[in-house]
Amino acid sequence: MTLQNGVRIYQFVRDRLDDQRDEQHPHGHEAYVNAWRTAAGLSTDHATAVAAEDTAEAERILQELHAMADEWKHHPDYPSAPDVPPAA
């Protein structure tokens, strides 16, 4: 479990959200802002859990962040799934 796992997936989600924003906010500006805030919050929470050595929480957050990335699973830069068991 490394900080880079969360950062890599967060950056992918952020980049895809930026793509959506650039495509005239296909889900509306408010939906874009809410999704961006959620992704940024998860990234921060993941970093906090890693720093606190709370592996279970870091894994849970990483799974949630990766679930956000699933919207773009056919994108060529889609990050591989984290090496953690699925959230219960």
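Everything numeric here is computed off the predicted structure, so don't read it as measured data.

Caption draft 1: Representation of the overall build of the protein in the model. Secondary structure assignment for the protein yields three helices and zero strands. Secondary structure of the protein in N-to-C order comes out as α-α-α. For the protein, the C-alpha radius of gyration of 13 Å lies close to 12 Å, the compact-globule estimate for 88 residues. Split into buried and exposed, the 88 residues of the protein put 32% on the buried side. Sequence separation of 24 or more characterises 60% of the internal contacts of the protein that already satisfy a separation of 6 or more.

Caption draft 2: Region of interest: the packing of aromatic side chains. Considering all chains together, one arrives at two aromatic pairs under this definition. With a centroid separation of 5.8 Å and 80 degrees between ring planes, the pair formed by Phe12 and Tyr78 is classed as edge-to-face. Of this pair, Phe12 sits in helix H1 (residues 3-22) while Tyr78 sits in the segment after helix H3 (55-69), placing them 66 residues apart in sequence. Exposure remark for Phe12: the relative accessible area of 5% places this residue in the buried category. With a relative accessible area of 23%, Tyr78 lands in the partly exposed category. A connected cluster of aromatic rings, assembled from ring pairs, spans Phe12, Trp72 and Tyr78.

About the criteria used
- Along each chain, numbering runs from 1 in the same order as the chain's sequence is written.
- Selection of residues for local features in this predicted model requires a pLDDT of at least 70, selection of side-chain atom pairs for listing and counting requires 80 or more, and totals for whole chains, interfaces and linings are taken over all residues.
- Each side-chain value is worked out from all heavy atoms of the structure, with water and hydrogens disregarded.
- By the criteria applied, helices consist of DSSP H or I runs no shorter than four residues and strands consist of E runs no shorter than two, each listed in order from the N terminus.
- The globule rule used here is 2.2 Å times the number of residues to the 0.38 power, and the radius of gyration it is set against is calculated over C-alpha atoms.
- Three exposure classes are used, based on accessible area relative to the maximum for each residue type with a 1.4 Å probe and protein chains only: buried under 20%, partly exposed in between, and exposed over 50%.
- Contacts are assigned to residue pairs with any non-hydrogen atoms lying within 4.5 Å of each other.
- Two rings from Phe, Tyr or Trp (for Trp, the six-membered ring) form a pair when their centres sit within 6.5 Å of each other. Planes less than 30 degrees apart are called stacked, planes more than 60 degrees apart edge-to-face, and all others tilted.

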